[in-house]
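Listed below, chain by chain, are the residues.
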Amino acid sequence: MNFEMQYLFWNKIDSICMEGERIYDIPDYDGSGIAKGEIHHEGLTMKAWFGCHGDGKPKLLITLDCGHTENYILVETSRDECTLLVNDYQAKGISVEIIDREGNSYAQNSGNEIFVKSCDIYRESFNKTNQLIAILDKEMNLRYANKTLLAYLDTTMDAIVGTPYWELALWSHSTELQNKIVFSLEQIHMGQDVKFETTHKDNQGRLRDIDFVIKPIMDGNCEVELLIAMGYDVTETKLAESALKRTEKEMKLFFDYSVNGYFINRLSESVFLDPEALDVIFSYVRRHEKIATYNNAILHHIDIPATTFENTNLFDLLHISKEESLRMWREMVLEGSVDYQADIEIGGVRKILDCNFVPILEDGNRYSGSFGIIKDVTNEVLQERKMIYLATKDSLTGANNRRHFLESAWEAMHNLTKDDAVSPAVIMIDIDDFKNVNDTYGHDIGDKVLIEMTTLCEDILDGNGIFGRMGGEEFAAFIYNDKGDGVATAEKLRCGIEGLSIKSELGKFQFTVSIGYTEVQRGHTMEEALKRADKALYKAKRSGKNRVEIILS
């Protein structure tokens, strides 16, 4: 004796069991029930037994066989409940007969007068979901709506049972959409799903976006037995998609029209950042990391075609050495970012680029790439350097001006006088008979004398002293040598200047300087040292010029 039992949701098998039901893994049901037929649907086989098991209470057992595993749904019930279950299945094409262990018909439905509202198992499953579910007959008249749909429509089951689906309030705002649903019936009866989109104001007056799909449920003869409509509230999803698209558009505009250069480097596969093997990892990253995204501004900053940019390591483009690249990459992955200022020449044009690099890290301390910002700061930096130069340097010779010389010398003296092995000294230098140079050769040649003398003195000091122009033809130097070497340095400056040969329209000529020397005493100020050096300079002038005079105290 065969029976047919159609599940309303084949894809919701795992949600069939209600509270109070149990799933038993009992392959043959202990022989206490009698199998009375089976149905097949999309590879799933269903069988049913009725009888007593274990404690002697009446039970209904439904077996679902998916081909590779079986699930047993054991429902405790009674004779009256079994009869109700059978009646619930009384519907078009759905017939059920339950047989007891002796083979007698226990409950049976017949005829198609009453359409199933849904058995308890399915009804509970429908009512626990957030989907908007409706069961329709073949003509698309509503026979059942779950609690979520009723709440959306703010209505009751009795009020809408038998209503054509297209006449629900969900569609009342659009005659075009209602017609579309009506004319989709033919498509559905051909076994195809149809989808619709609509909007609906909920009971709080909020506009919601709803997506619906209507699916045909076929019987064993591949005829449409009933329809199921499932709706999904996609309001939040659409809002999120809209926000994402807006963000993507804004980011694209930001990238495309930004004056700063942006780029993203990517590895095809992320690598674990082992702190003990960062050098090896960087070697791998340098070979395999590729530019994935960039904007036009970066091409302009580096003045390079896109094809070259995509196939060249950025460190190489910025003329950063391999050792410095490793240092920067290590700092980036360990500290979270790294800054670098590149001062390079591109196409004969000097460019100063501020670069900031940030690692892209995944869970588990895995490195997958980096994000970079490159800003052209050439004008700003050069202007800043110019302002600093004007504030600290003599505009003619490039030597430190008086104020900056005194500040630098004082700072150097403060740091150096703590070292007994160093004897800092101050010297004053004045060009002999400089007025005659200007009167004889002109002020342009006089300026040339000042410039060339400054260059020579800074070359001789070579980082071992601070040189400055105090005014006119008078200069000063703060030198820090081993004890006794200061005088030798002063003499070296005098001899070097005496050996300079200056070209003019009247021919080459040479000039000399007088130098006053003193050492900086512990506990004394720079002003005191300068006064002693100035006295020594005056002594050198009176003693015949072109000489070094020393006053130590």
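Before reading further, recall that the structure is shown in the block above.
Residue positions are given per chain, counting from 1 as you read along its sequence in written order. Predicted model: local features are reported for residues with pLDDT of at least 70 only, side-chain atom pairs are reported and counted for 80 or more only, and whole-chain, interface and lining totals are derived from all residues. Excluding hydrogens and water, the side-chain values take into account all heavy atoms of the structure.

### What about the overall build of the chain?
Item 1. Secondary structure summary: the chain contains 18 helices and 22 strands in total.
Item 2. Residues count as neighbours in contact if any of their non-hydrogen atoms are within 4.5 Å of one another. In the chain, the proportion of contacts linking residues at least 24 apart, taken out of those at least 6 apart, comes to 55%.
Item 3. As displayed, the chain has an accessible area near 29,800 Å², and 48% of this comes from carbon and sulfur atoms. Helix numbering and strand numbering both begin at the N terminus, where a helix is a DSSP run of H or I of at least 4 residues and a strand a DSSP run of E of at least 2. For the area figures, the Shrake-Rupley method with a 1.4 Å probe applies, and any residue is considered shielded solely by the protein chains shown.

### A few points about the pairing of strand β17 (residues 366–376)
Item 1. Note: strand β13 (residues 261–272) against β17, 8 bridges, orientation antiparallel. Bridging from a neighbouring strand, Asn265 pairs with Ser370 of β17.
Item 2. Paired strands are those between which DSSP finds at least two bridges. The pairing of strand β16 (residues 349–362) with β17 spans 10 bridges and is antiparallel. Paired with Ile360 across the two strands is Gly369, which belongs to β17.

### A word on the packing of helix α8 (residues 278–288) against helix α12 (residues 322–335)
Item 1. For the pair α8 and α12, interaxial distance at closest approach is 10 Å and the crossing angle is 105 degrees. In terms of orientation, α8 and α12 fall into the roughly perpendicular class. Contacts between α8 and α12 involve Leu278, Asp279, Ile281, Phe282, Val285 and Arg286 on the former and, on the latter, Lys322, Ser325, Leu326, Trp329, Arg330, Val333 and Leu334.
Item 2. Note on residue classes: Ala, Val, Leu, Ile, Met, Phe, Trp, Tyr, Cys and Pro are nonpolar, Asp, Glu, Lys and Arg are charged, and everything else, Gly too, is polar. Grouping the amino acids of the contact of α8 with α12 by side-chain chemistry returns 8 nonpolar, 1 polar and 4 charged. Comment: axis = line fitted to C-alpha atoms, over the contacting stretch for helices; angle = value between 0 and 180 degrees taken between N-to-C directions. Note on angle classes: values under 35 degrees are labelled roughly parallel, values over 145 roughly antiparallel, values of 65 to 115 roughly perpendicular, and the remainder oblique.

### Observations concerning the sheet that holds strand β12 (residues 224–233)
Item 1. Strand order across the open sheet formed by 5 strands is β9-β8-β12-β11-β10, with antiparallel pairing between neighbours. The sheet is open, and its two borders are formed by β9 (142–145) and β10 (194–201), each paired with just one other strand. Across the sheet, the mean angle from the axis of one strand to that of its neighbour is 25 degrees, orientation sign disregarded.
Item 2. With 9 bridges connecting them, strand β11 (residues 207–218) and β12 associate as antiparallel partners. The residue bridging Met218 from the neighbouring strand is Val224, located in β12.

### Brief notes about the environment of Asn546
Item 1. Of note, Asn546 is situated in the loop between α18 (526–542) and β22 (548–550).
Item 2. For Asn546 and Asp432, which are 114 residues apart along the polypeptide, the C-alpha to C-alpha distance reads 7.3 Å.
Item 3. Beyond its immediate stretch of four places on either side in the chain, Asn546 contacts Asp432, Arg494, Glu498, Thr512, Val513 and Ser514.
Item 4. For the purposes of these results, a polar contact is taken to be a pair of N or O atoms within 3.5 Å, where, inside protein, one atom must be able to donate a hydrogen and its partner to accept one; residues adjacent in sequence count only when each atom of the pair is a side-chain atom. Here Arg494 takes part through its side chain, which lies 2.8 Å from a polar atom of the side chain of Asn546.
Item 5. Among the polar contacts listed, one links the side chain of Asn546 to the side chain of Glu498, at a separation of 3.1 Å.

### Points about the nonpolar core
Item 1. Each nonpolar core is a collection of buried residues, namely Ala, Val, Leu, Ile, Met, Phe, Trp, Tyr and Cys, held together in the definition by side-chain atoms within 4.5 Å. Burial classes: relative accessible area under 20% of the type maximum marks a residue as buried, over 50% as exposed, and values in between as partly exposed (1.4 Å probe, protein chains only). If you look at the biggest cluster of nonpolar residues, it comprises 32 residues, and the most contacted ones within it are Phe309, Leu314, Leu318, Trp329, Phe357 and Tyr367.
Item 2. Going through the elements one at a time, β13, α8, α9 (296–302), α11 (314–317), α12, β15 (338–346), β16 and β17 are the ones with two or more residues in this core.
Item 3. In contact with Phe309, not counting residues within four places along its chain, are Phe263, Ile291, Tyr294, Ile298, Leu299, Ile302, Ile304, Leu314 and Leu317.
Item 4. Judged by nonpolar contacts, the second largest core, of 29 residues, contains Ala399, Ile429, Ile445 and Cys457.

### What to know about helix α13 (residues 378–392)
Item 1. Expected span of a helix: the number of residues minus one, times 1.5 Å. Taking 1.5 Å of rise per residue, the 15 residues of α13 would be expected to cover 21 Å, and the 21 Å separating its terminal C-alpha atoms lies within 8% of that figure.
Item 2. Within the sequence span of α13, burial applies to Thr378, Val381 and Thr392. Relative to the axis of α13, the buried residues are bounded by an arc of 85 degrees and lie together on one face. Note that the arc is computed from the directions linking the helix axis to the C-beta atoms.

### Let's talk about the packing of aromatic side chains
Item 1. By convention, a stacked pair of Phe, Tyr or Trp rings (six-membered ring in the case of Trp) has centres within 6.5 Å and planes under 30 degrees apart, an edge-to-face pair has planes over 60 apart, and any other such pair is tilted. Following the criterion strictly, the structure yields 12 aromatic pairs and no others.
Item 2. When the centroid spacing of 6.1 Å and the interplanar angle of 20 degrees are considered together, the rings of Tyr262 and Phe371 count as stacked. One end of the pair, Tyr262, is in strand β13; the other, Phe371, is in strand β17, and 109 residues separate them in sequence.
Item 3. A residue is classified by how much of its surface remains accessible, and Tyr262, at 7% relative accessible area, is buried.
Item 4. Given a relative accessible area of 25%, Phe371 falls into the partly exposed group.

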